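Residues per chain, in single letters:
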Amino acid sequence: MKLTDAQLEQFDRDGFLILPSLFDPKEVEAINAELPALFAEDRVDNVREKGGGIVRTAMNLHARNDVFAKLVRHPRLLEPALQILDGDVYLQQVKVNAKEAYTGEIWQWHYDFAHHHNEDGNPLPLALNVHLFLDECNPFNGALWFIPGSHKAHDGRNLAKSALDTETTSYELWTVDHETVGRMIEAGGIVPAHGPAGTVLIFGELMVHGSPNNMSPWPRHIFSTIYNPISNRQTTFKRPDWQHGRDFTPTRPLPDDCLRERAA
Ligand code: SIN
Ligand code: MN
């Protein structure tokens with residue numbers, strides 16, 4: 001699947017791209033059918049919310065489940081990333097971020113490169129985060145928020161200052177201070193990433209984003225894979241491989257109907 005020139009321009013200008021309903025309901029259903037068993041597993045790569053035992057993010061899913069092993073190579077996720085990036089990519093991180101009804105907790109304002117550079121030694125902010133909504137994301141269930149243009153609002157080569165927050169949630173995150181976020185929002189505003197299940201979202205390493213608590217009765221699950229060019233691979237290995245993959249073989253697309261075999 002190829003992005004159009006207009007979509008590529010929009011991605012460059014805003015720093016993110018929302019592609020509504022790229023996967024059909026049957027495909028989403030086939031993916032969602034795998035989640036209860038995966039979320040029920042008691043293992044370290046099921047990271048739980050600070051405020052209780054509910055799973056916040058289930059990681060390493062391509063190594064745990066056949067449907068997710070296909071999904072990371074799905075052409076509607078992988079081909080746009082290969083089009084934007086230069087050269088072959090590896091699977092840096094694969095997960096479903098959950099925000100269960102009433103309990104799903106915040107992701108603070110951050111940009112991913114702060115984490116990937118400081119924790120993993122990724123040399124450059126090149127990786128792409130590609131999401132697939134497994135539920136509708138609406139104004140109430142903890143959708144992601146973006147600051148359009150924030151990927152270009154860092155001060156030249158000096159990236160916005162970021163600090164490791166080990167307190168707010170169960171998942172340590174390099175976050176951006178409120179003064180900087182405020183300045184970026186003055187310039188770019190906030191755009192929420194809403195859309196039906198099956199929507200795909202693409203954003204880069206310098207895009208400032210976050211998401212509020214889910215106070216609604218509607219769960220919000222989002223599949224996410226981070227594709228990083230192999231030439232930009234991690235240079236330090238302090239995080240486990242379920243947080244940053246170490247298989248640096250090129251990821252190749254499967255046929256477009258790879259999920260439908262199972263959904264039929
Ligand atoms: C979220 O799942 O709401 C945020 C995750 C991210 O930072 O990509
Ligand atoms: Mn992020």
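The model shown is predicted, which means the values in this text are computed figures rather than measured ones.

(A) Looking closely at the coordination of the manganese ion (ligand 2). Taken together, His110 (NE2), Asp112 (OD) and His209 (NE2) make up the protein donors of the manganese ion (ligand 2), found 2.2 Å from the metal. Of the residues examined, His110 reaches a relative accessible area of 5% and is grouped as buried.

(B) Expanded view of the site of ligand 1. Taken together, Asn97, Lys99, Trp107, His110, Asn129, His131, Leu144, Phe203, His209, Ser211 and Arg220 form the complete shell of residues around ligand 1. Arg220 is positioned with one of its side-chain polar atoms (N or O) 2.7 Å from an oxygen atom of ligand 1. Taken by itself ligand 1 offers 260 Å² of open surface, and the protein chains cover 97% of this. Of all the elements in the fold, those that place two or more residues in the shell around ligand 1 are β4 (89-99), β5 (107-110), β6 (128-133) and β12 (209-211). Considered class by class, the residues forming the shell around ligand 1 number three nonpolar, six polar and two charged.

(C) Geometry of the packing of aromatic side chains. Applying the stated criterion across every chain, the model contains seven aromatic pairs. A ring pair is formed by Phe68 and Phe223, whose centres lie 5.6 Å apart and whose planes are at 35 degrees; its orientation type is tilted. Placement of the pair is Phe68 in helix α5 (residues 66-71) and Phe223 in strand β13 (residues 220-229), with a sequence separation of 155 residues. Classification of Phe68 as buried rests on a relative accessible area of 0%. Accessibility expressed as a relative area gives 0% for Phe223, which makes it buried. A centroid spacing of 4.8 Å and a plane angle of 85 degrees characterise the contact between Tyr90 and Phe248, whose relative ring orientation is edge-to-face. Remark: Phe248 occurs in the loop between β13 and α9 (260-263) and Tyr90 occurs in strand β4; sequence separation between them is 158 residues. In this structure Tyr90 comes out as buried when scored by relative accessible area, which is 0%.

(D) Structural context of the nonpolar core. In terms of nonpolar packing, the biggest core is built from 36 residues, with Phe68, Leu71, Leu77, Leu132 and Phe223 touching the most fellow members. A per-element tally of this core places β4 first, with five residues. Among all residues touching Leu71, those that are not within four sequence positions of it are Phe23, Ile31, Leu77, Leu132, Phe223 and Leu259. Membership of the second largest hydrophobic core comes to twelve residues, among which are Trp109, Val176, Val181 and Val208.

(E) Geometry of the sheet that holds strand β2 (residues 46-48). Spatially, β1-β11-β6-β13-β4-β3-β2 is the arrangement adopted by the seven strands of the open sheet, whose pairing is antiparallel. Because the sheet does not close on itself, it has two edges, and the strands there are β1 (16-19) and β2. The sheet shows a mean angle of 20 degrees between the axes of neighbouring strands, direction not considered. Pairing of β2 with strand β3 (residues 55-59) involves three bridges; the strand directions are antiparallel. Opposite Val47, over in β3, you have Thr57 as the bridge partner. Contacts between helix α6 (residues 75-84) and the sheet are confined to β4, β6, β11 (200-204) and β13, with β6 contributing the most and set at about 155 degrees to the helix.

(F) Examining the pattern of salt bridges more closely. Counting across every chain of the model gives 15 salt bridges. Between Asp88 and Arg252 there is a salt bridge, with the nearest N and O atoms lying 2.8 Å from each other. Here Asp88, found in the loop between α6 and β4, pairs with Arg252, found in the loop between β13 and α9; they are 164 residues apart in sequence, far enough to count as distant. We classify Arg252 as partly exposed; its relative accessible area is 43%. In the salt-bridge network here, residues are joined through shared partners; they are Asp24, Glu27, Arg76, Asp256 and Arg260.

(G) Structural view of the environment of Asp45. Residue placement: Asp45 occurs in the loop between α3 (35-40) and β2. For the pair Asp45 and Leu3, spaced 42 residues apart in sequence, the C-alpha separation works out to 33 Å. Reaching out from Asp45, the side chain makes a polar contact with the side chain of Asn60 at a distance of 3.4 Å.

(H) Region of interest: unusual backbone geometry. Notably, Ser21 is not glycine yet its phi reads approximately 50 degrees, a positive angle. Relative to the assigned elements, Ser21 resides in the loop between β1 and α2 (25-32). Look at Asn60: it is not a glycine, yet its phi comes out positive at around 70 degrees. With respect to the element layout, Asn60 can be found in the loop between β3 and α4 (61-64).

Definitions and cut-offs
- Residues numbered from 1 in each chain as written.
- Chains lettered and ligands numbered in written order.
- Predicted model: local features only at pLDDT ≥ 70, side-chain atom pairs only at ≥ 80, totals over all residues.
- Heavy atoms only, no water.
- Donors = N, O, S within 2.8 Å, 3.2 Å for Na, K, Ca; no water.
- Buried < 20%, exposed > 50% of the residue type's maximum accessible area, 1.4 Å probe, protein only.
- Near = heavy atom within 4 Å.
- Polar contact = N/O pair within 3.5 Å; in protein donor to acceptor, adjacent residues only side chain to side chain.
- Areas by Shrake-Rupley, 256 points an atom, 1.4 Å probe, with all protein chains shown as cover.
- Helix = DSSP H or I, 4+ residues; strand = E, 2+ residues; numbered from the N terminus.
- Nonpolar A, V, L, I, M, F, W, Y, C, P; charged D, E, K, R; others polar.
- Phe/Tyr/Trp six-rings, centres within 6.5 Å; stacked < 30°, edge-to-face > 60°.
- Core = buried A, V, L, I, M, F, W, Y, C linked by side-chain atoms within 4.5 Å.
- Contact = heavy atoms within 4.5 Å.
- Pairing = 2+ DSSP bridges.
- Axes fitted to C-alpha atoms, helices over the stretch in contact; angles between N-to-C directions.
- Salt bridge = Lys/Arg side-chain N within 4 Å of Asp/Glu carboxyl O.

That is the geometry; function is a separate question.
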